[in-house]
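Listed here are the chains, written in short residue letters.
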Amino acid sequence: MMDEVDRLVAAWRRERPDLDVEPLEVLSRISRLARHLDRARRAAFAEHNLEPWEFDVLTALRRTGEPYQLSPGQLLTQTLVTSGTMTNRIDRLAAKGLVQRLPDPADRRGVLVRLTPDGRDRADAALAVLLDHERSLLAALTPQQRHALADLLRTLSLPFDN
């Protein structure tokens, strides 16, 4: 069976036999799967009136455990955005009643961002739908294949995470 990447690679091999196009066989598939995953995520989040960035912030807070709060700096680290972007996101989530700002008892000038009960419920519900969507994307693989793929992808992504 041939997929779109096989056709793309064959065309490049025909047109540019002087180039080693082997990386396309892996990375073009990852890129295409990322687009399918992005669509599945957007659909899961839309069911709960969330944007992807909202889900990212809410779930960063949710993963911390009770009382589901982080400083804006900690949120920056977990979501990889600038401080100006994070301030805007916190403002927008607070306006929707999904998070609240609280004074940081350890730092008079600091604030903590805490997940509200509604924010927690929306994050939990969107996560459950997302996992269903993602499970369906992996349905063609056996559990052993999923573990092997996870290990290989970890090997590729580790240099970017450190």
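Per an unreviewed UniProt entry, the chain is named DNA-binding MarR family transcriptional regulator, and its organism is Allostreptomyces psammosilenae.

S.K.: Which residues make up the UniProt feature "domain: HTH marR-type" (unreviewed entry) in the chain, and what are the values?
M.R.: According to UniProt, the feature "domain: HTH marR-type" (unreviewed entry) maps to residues 23–158 in the numbering used here. Secondary structure content for residues 23–158 is 68% helix and 12% strand, and the end C-alpha separation is 18 Å.

S.K.: Tell me about the pattern of salt bridges, and name the residues and values.
M.R.: Throughout the structure, instances matching the rule amount to 15 salt bridges. Notably, a salt bridge pairs Arg29 with Asp3, separated by 2.8 Å at the nearest N-O pair. In this pair, Arg29 is assigned in helix H2 (residues 22–46) and Asp3 in the segment before helix H1 (4–15), connecting sequence segments 26 residues apart. Under the relative-accessibility criterion, Arg29 is labelled partly exposed at 25%. Linked through salt bridges whose partners overlap, the residues forming this network are Asp3, Asp6 and Arg29.

S.K.: Before we move on, could you go through the pairing of strand E2 (residues 99–104) and cite the residues and values that matter?
M.R.: On any regular strand, side chains alternate: one points to one face of the sheet, the next to the other face. Note: E2 against strand E3 (residues 107–115), six bridges, orientation antiparallel. Following the sheet pairing, Val99 is matched in E3 by Leu115. Count of turn residues in the E2/E3 antiparallel hairpin: two residues.

S.K.: Which residues make up the domain arrangement of the chain, and what values do they have?
M.R.: Per the domain assignment, the segments of the chain are domain 1 (1–47) and domain 2 (51–136). Inter-centroid distance (C-alpha atoms) of domain 1 to domain 2 is 33 Å. Across the contact, eight residues belong to domain 1 and eight residues belong to domain 2. In this assembly, domain 1 packs against domain 2 so that about 720 Å² is buried in total across both faces, 72% of it on carbon and sulfur atoms. When the area that domain 1 buries against domain 2 is broken down by residue, the three leading residues are Arg41, Ala44 and Phe45, summing to 61%.

Cut-offs applied
- Residues numbered from 1 in each chain as written.
- Predicted model: local features only at pLDDT ≥ 70, side-chain atom pairs only at ≥ 80, totals over all residues.
- Heavy atoms only, no water.
- UniProt positions renumbered as here; feature names shortened; annotations may be inferred.
- Helix = DSSP H or I, 4+ residues; strand = E, 2+ residues; numbered from the N terminus.
- Salt bridge = Lys/Arg side-chain N within 4 Å of Asp/Glu carboxyl O.
- Buried < 20%, exposed > 50% of the residue type's maximum accessible area, 1.4 Å probe, protein only.
- Pairing = 2+ DSSP bridges.
- Domains from an automatic or database assignment.
- Contact = heavy atoms within 4.5 Å.
- Buried area = accessible area lost by both parts, 1.4 Å probe.

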